[in-house]
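Given next are the chains, with one letter for each unit.
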Amino acid sequence: QVQVVESGGGSVQAGGSLRLSCTASKATASMGWFRQAPGKEREGVAAKKDRRTYYADSVKGRFNVSRDNAKFGLYLQMSSLKPEDTAMYYCAARAGYPVDPLSHNDYPYWGQGTLVTVSS
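Residues numbered from 1 in each chain as written. Predicted model: local features only at pLDDT ≥ 70, side-chain atom pairs only at ≥ 80, totals over all residues. Heavy atoms only, no water.

We now examine the pattern of salt bridges. Where charged atoms from two side chains of opposite charge come close, those side chains can pair. Taken as a whole and assessed by the stated rule, the structure comprises 4 salt bridges. Here R35 makes a salt bridge to E43, at a shortest N to O gap of 2.8 Å. On the accessibility criterion, R35 (6% relative accessible area) is buried. The exposure class assigned to E43 is partly exposed, which follows from its relative accessible area of 35%. One salt bridge in this structure joins D85 and R35, with 3.0 Å as the shortest N-O distance. Of this pair, D85 sits in the loop between strand 8 (73-78) and strand 9 (87-94) while R35 sits in strand 4 (residues 30-36), and the two are 50 residues apart along the sequence. Across this residue pair, the class does not change: D85 and R35 are buried. Bridged by salt links that share partners, the residues R35, E43, R62 and D85 form one connected network. (Salt bridge = Lys/Arg side-chain N within 4 Å of Asp/Glu carboxyl O. Buried < 20%, exposed > 50% of the residue type's maximum accessible area, 1.4 Å probe, protein only. Helix = DSSP H or I, 4+ residues; strand = E, 2+ residues; numbered from the N terminus.)

So, in structure tokens, the structure goes:
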């Protein structure tokens, strides 16, 4: 129904920055960024539901999520990166409004993931 593609991952030193980009194939009500580190569950990082913005406590003040509805795009500007930010980052979308915008269970459409590695 909806194809999602993300990019922008890479390797960076602690304290550095990266910008992730995501594009969906059509307009959706909500989009979000999630990440999964080895041996851990997938967790919500940041999401947009209409004009509202949601962040995980661990990234508040360091990450900024933005959306371009005309381009079906979602972006994540990551600054002051820490080694614990290392994970596979996924972009997700859904047609309706999620009850919890940071819950991966509420999103049916997913990208393939882009790897972010932060070294100290």
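Core analysis: the largest hydrophobic core is formed by 26 residues, its most contacted members being W33, V45, F63, L76, M78 and Y89. Elements supplying a minimum of two residues to this core: strand 3 (18-24), strand 4, strand 5 (43-49), strand 7 (63-68), strand 8, strand 9 and strand 11 (114-119). If we ignore the near neighbours within four places in the chain, the residues touching M78 are G16, S17, L18, L20, R62, F63, Y89 and V116. (Core = buried A, V, L, I, M, F, W, Y, C linked by side-chain atoms within 4.5 Å. Contact = heavy atoms within 4.5 Å.)

With respect to the helices and strands, the residue E6 is situated in strand 1 (residues 4-7). Between the C-alpha atoms of E6 and W110, which are 104 residues apart in sequence, the distance is 9.3 Å. Once you skip the residues sitting within four places of it in the chain, E6 turns out to touch S21, C22, W33, Y89, Y90, C91, G111, Q112, G113 and T114. Engagement of the side chain of E6 in a polar contact is seen with the backbone nitrogen of Q112, the distance being 2.9 Å. (Polar contact = N/O pair within 3.5 Å; in protein donor to acceptor, adjacent residues only side chain to side chain.)

Here T23 is to be found in strand 3. Looking at T23, the relative accessible area reads 40%, which means it is partly exposed. For the pair T23 and G96, spaced 73 residues apart in sequence, the C-alpha separation works out to 17 Å. When sequence neighbours within four positions are dropped, the list of residues in contact with T23 reads Q3, V4, V5, K71, F72 and G73.

In this section: the environment of G113. By the element assignment, G113 lies in the loop between strand 10 (109-110) and strand 11. In this structure G113 comes out as buried when scored by relative accessible area, which is 14%. Between the C-alpha atoms of G113 and T86, which are 27 residues apart in sequence, the distance is 13 Å. Leave out the neighbours within four places in its chain, and G113 touches E6, M88, Y89 and Y90.

What follows concerns the side chain of K48. With respect to the element layout, K48 can be found in strand 5. Buried within the structure, K48 lacks any salt-bridge partner; D50 is the closest side chain of opposite charge, at an N-O distance of 9.5 Å. When sequence neighbours within four positions are dropped, the list of residues in contact with K48 reads A29, S30, M31, T53, V65, R67 and L74. (Lys, Arg positive; Asp, Glu negative; His and termini not counted.)

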